[in-house]
Amino acid sequence: MFRTNLAIGLISAAIIAFQLVLMQILSYIQWYHFAYMIISVALLGFGAAGTFLTVFRKKLQRNYALIFPLLLFITGILMSIVVIIANTETVRFDSLLIFHDFRYAGRLVATYFIFFLPFFTGALAIGMSFLKFAGKIGKIYFSNLVGSGIGGIIALLLMQFVLPQQLPLIIAVIALAGGFVSFPKNAGKLLQSVALVSIVVLPAVLFIPYKLKPSEYKDISKTLLLPDATVEYEKSSPYGLVQVVSSPVLRYAPGVSLGYRGTFSVQKAVFNNGNWNGFLIPATDREETSILDFTPQSLPYQIAKNEKVLILDAATGENVALALSHNVTEIVATEANAAIFSLLQHSFATYDQVKLRHTLSRTFLVSDTSGYQLIELPVIGSFFGNSGLNAVESHFELSIEAFHDMWDRLADNGMISVSCWMDYPVRNAYRLLAVIDRLLKEKKIKHPEKHIIAIRSWCAVAFFVNKSEFSRNQEIQAQQFCNDMMFDPLLMPGSTAIDTGSFNVLQDTSFFRNIKRLLSSEEEKNAFFKEYPYRIQPVTDNRPFFFQHIRWSGIQQVISSFRKGGLPFLELGYLLVLFTFVQILFIAGFFIIVPLFFKRWKSKDKFRVFFYFSGIGLAYMFVEIVFIQHFTFYFGQAIYAAAASISMLLIASGLGSYYSVFLQITKKILFLIPIIIGVVLLIYSFLLPTVLSLTIGVALPLKIFISIVLTGIPGFLLGIPFPAGIKYLSEKRQADIPRAWAFNGYFSVISTALATIIAVEAGYVLLLLIAGVTYALAGLSYSRQKN
């Protein structure tokens, strides 16, 4: 039994680690949205395994000792080769072409199937063990959950040192180890042959030369088309693959004034997962960065003396260099990406006035107590147009609560500087102004218009919000700056009129009318919010999706625009999540639910089995996603927080599963435990954000302890319902177990994308409430019954 538990732990660790590795790889090849696809495909494998068990239960049980290790060897072999197969020209798809060329939709389905295989075989081995040892399910499920938790930590550690394309082979070794651990003494020729093949295949994969190829629409793909472009530096981390590209013709200066007459020096570009992150400023340019003085972001240095500046999300340090060129006494800069932070440290190591902080900007704002003359955010959006691909990313630094935190960190004469690239149709500029307007209203500023300056270049809009009223002298200086740089003043404190500009004339004057409506009465502003075809209301910590603008009513328009070639202007990111959800809904139904109809189900407890196991499968992932978001904000390290919260939740659930071994499982227990979970999640939905906000500034060891307690309590309880239900069925009707596993798998499959959709549309608080209600309803399916 010990060897079986160890093998279960190893294959569970391999499956979770492989899942995280595939998410990392697809984030580089395509975009991070396909993380939802990988999670869904992994869970699809588990659901389909349950259906397979339902149909072939007796044959699999009879040959468990041979089939179990055989599946682990096959899983290891598949893990080592599926990425190579999916990366071939025949199979590789491009997500931006799915709606334009349906051949790519077929390739996407083929990719689904290829990635599905190792999850199916691994899950089938685990499911067979659940069925074989149903009476001891608590210990088996404990090994499964704890192994999964450890697998997340293993993947996190490996991502620090190993390039993404090399990771699947290492993970495959873990799966093979499970096969050798469970290798029986009387192994047949088939098992021996497969074990031998695995020993040959894995080393052979080392000698297959292949390189991950990103989408042709990714920024790095375009840059590498330049003459003599080469990748000079690569560094893998849990945040993605950081690459530095050089080319003798590579110059980057978008947003620079049309009046600039200087030279544009050759730059090296930095990319994270193939997406533009910034340029490396040459050492000789850091104190005399004249080109940066010709950007809208330099206005605060022209109209005010800034002795202490906070640069949020510094990336490669463009705004840090700008501050250095103006002799700022103290510069504090935040950056969450570890690899990018390392580049920052190297770039500014000789400047004592530069203090770098490795954390999320929002987490730093909440925990910091300093006062600043200037707080500067990076330019929002993409100069190249990004098709709304970051629509479902959480941006806590752009929520209304974040702007309140920035305001509270300003000195009495301090200023917030935030800019955005002009997008068409306009969305980001409107949303930024809506956030600023609400901030000033909630701070009860009597004359909000006297606290705002906005200027417009040929490609960007910059907003500057002062804690005190802008002086007449500052207004004159701002006007002079615009004239010198050929920028247009949009909003000036001495006037309520909207300046339509003379340097950068827009043919579509609705932009100026809409700016005026955003600054008008609440009634007029709300009418504009309702009428505008995109969502531009301020975002909150509960719904921190700043770049999610599409409305349900506009989805058809988006697809039509795509076919007309409007790629840079679309909201494709959210559409891809919706597409993934619909697609996986039907694929999972075909592989999991439909086959169940071909085998008659004679159980008297059909209703209870379906609702109980479906409910706990759906709700567990909801809880997981909410915890990831909350603890990302809490720790300030997105990837580490995600891995830590998942691992802690899984390990705590494993302990709960182990505890279920000692419970006498009755229908009363199956009723009470989910009800208790529902109550706990109801309490958490209201109290968790408050507790985390109050303790965000405490020392790291205490933070870790608090997070362990906060995840441990619900995690322990969440680990009981599934093994308790399986144990109950093993005593009453064992034939129902495979179907229970299939139902649980199906609703787990659809839960990831569905949770994202709910969070975007209604927020994380409601998502956790829905999870609590779902658990309670699952428990109610066993109410009013005798034991």
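Residues numbered from 1 in each chain as written. Predicted model: local features only at pLDDT ≥ 70, side-chain atom pairs only at ≥ 80, totals over all residues. Heavy atoms only, no water.

**Q** An account of the overall build of the protein chain is needed here, citing residue identities and associated values.
**A** Each helix and strand in the protein chain was counted, giving 26 helices and 12 strands. Against the compact-globule benchmark of 28 Å for 787 residues, the protein chain has a radius of gyration of 28 Å, which places it among compact chains. Split into buried and exposed, the 787 residues of the protein chain put 62% on the buried side. Of the contacts made within the protein chain by residues no fewer than 6 positions apart, 77% connect residues no fewer than 24 positions apart. Just so you have it, the protein chain exposes about 30,900 Å², and 62% of that area is on carbon and sulfur atoms. Looking at charge distribution, the protein chain has the averaged site of its 64 positive side-chain charges lying 20 Å from that of its 47 negative ones. (Helix = DSSP H or I, 4+ residues; strand = E, 2+ residues; numbered from the N terminus. Rg over C-alpha atoms; globule rule 2.2 N^0.38 Å. Buried < 20%, exposed > 50% of the residue type's maximum accessible area, 1.4 Å probe, protein only. Contact = heavy atoms within 4.5 Å. Areas by Shrake-Rupley, 256 points an atom, 1.4 Å probe, with all protein chains shown as cover. Lys, Arg positive; Asp, Glu negative; His and termini not counted. Charge placed at Lys NZ, Arg CZ, Asp CG, Glu CD.)

**Q** Break down the nonpolar core for me, citing the residues and quoting the values.
**A** Grouped burial of nonpolar side chains is what soluble globular proteins tend to show. In terms of nonpolar packing, the biggest core is built from 159 residues, with Phe115, Phe613 and Leu767 touching the most fellow members. If you tally residues by element for this core, the top one is helix H20 (residues 606-635), at 18 residues. The residue makeup of this core includes at least three contributed by each of domain 1 (1-212) and domain 3 (600-787). By size, the runner-up hydrophobic cluster in this structure holds 52 residues, among which are Ile400, Tyr430, Ala434 and Phe529. (Core = buried A, V, L, I, M, F, W, Y, C linked by side-chain atoms within 4.5 Å. Domains from an automatic or database assignment.)

**Q** So, empty space enclosed by the protein: which residues are in play, and what are the values?
**A** With the rule as written, the count across this model stands at five cavities of 30 Å³ or more. Empty space within the largest cavity amounts to approximately 90 Å³. Lining the largest cavity, in full, are Ile25, Leu26, Ile29, Gln30, Val83, Ala86, Asn87, Arg92, Phe93, Thr111 and Phe115. Sorting the residues of the lining of the largest cavity by element identifies helix H1 (2-29), helix H3 (64-86) and helix H4 (102-132) as the ones contributing at least two each. The element best represented in the lining of the largest cavity is H1, accounting for three residues. A per-class count over the lining of the largest cavity returns seven nonpolar, three polar and one charged. (1 Å grid on protein atoms, 1.4 Å probe; cavity = no way out; pocket = protein on both sides within 12 Å on 5 of 7 lines; lining within 4 Å. Points joined across faces, edges and corners; volume = space filled by probe spheres on them. Nonpolar A, V, L, I, M, F, W, Y, C, P; charged D, E, K, R; others polar.)

**Q** Report on the side chain of Asn5, specifying residues and quantitative values.
**A** Relative to the helices and strands, Asn5 resides in helix H1. Judged by relative accessible area, Asn5 falls into the buried class, the value being 17%. Separated by 3.4 Å, the side chains of Asn5 and Ser143 make a polar contact. (Polar contact = N/O pair within 3.5 Å; in protein donor to acceptor, adjacent residues only side chain to side chain.)

**Q** Any chance you could break down the pattern of salt bridges for me, citing the residues and the numbers?
**A** For the coordinates displayed, the defined rule picks out 19 salt bridges. Across the salt bridge formed by Asp423 and Arg427, the nearest N and O atoms sit 3.5 Å from each other. Comparing Asp423 with Arg427 shows no difference in burial state: the two are buried. Its salt-bridge partner being Glu524, residue Arg517 comes within 2.5 Å of it at the nearest N-O pair. The network of salt bridges with shared partners includes Asp437, Lys441, Glu522 and Lys525. (Salt bridge = Lys/Arg side-chain N within 4 Å of Asp/Glu carboxyl O.)

**Q** With reference to specific residues and values, describe the sheet that holds strand E11 (residues 460-466).
**A** Strand order in the open sheet formed by eight strands is E7-E6-E5-E8-E9-E11-E10-E12, with mixed pairing between adjacent strands. Looking at the sheet topology across the chains shown, the edges are occupied by strand E7 (354-357) and strand E12 (488-491). For this sheet, the mean angle separating the axes of adjacent strands, direction not counted, is 20 degrees. With three bridges joining them, strand E5 (residues 308-311) and strand E8 (residues 372-376) adopt parallel strand pairing. From the neighbouring strand, Val309 faces E8, where its bridge partner is Leu374. (Pairing = 2+ DSSP bridges. Axes fitted to C-alpha atoms, helices over the stretch in contact; angles between N-to-C directions.)

**Q** Explain the domain arrangement of the protein chain to me, and be specific about the residues and the numbers.
**A** In terms of domain boundaries, the protein chain breaks down into domain 1 (1-212), domain 2 (275-548) and domain 3 (600-787). For domain 1 versus domain 2, the separation of C-alpha centres amounts to 45 Å.

**Q** So what about H1? Which residues, and what values?
**A** Its 28 residues give H1 an end-to-end C-alpha distance of 40 Å, which sits within 8% of 40 Å, the value for a rise of 1.5 Å per residue. In terms of burial, H1 is largely enclosed, as 23 of its 28 residues are buried. (Expected span 1.5 Å × (residues − 1).)

**Q** Tell me about the side chain of Lys525, residues and numbers included.
**A** Topologically, Lys525 is positioned in helix H17 (residues 522-531). You can call Lys525 buried: its relative accessible area is 5%. Those residues in contact with Lys525, other than ones at most four positions away along the chain, are Asp437, Lys441, Arg517, Leu518 and Ser520.

**Q** If you had to explain the sheet that holds strand E3 (residues 268-272) to someone new, which residues and values would you point to?
**A** A sheet is described by the order of its strands in space; here four strands give the open sequence E1-E2-E3-E4, paired in antiparallel fashion. Every interior strand has two partners, whereas the edge strands, strand E1 (230-237) and strand E4 (275-280), have only one. For this sheet, the mean inter-axis angle between neighbouring strands, taken without regard to orientation, is 20 degrees. Here E3 pairs with E4 via five bridges, running antiparallel. Along E4, the bridge assignment pairs Lys268 with Leu280.

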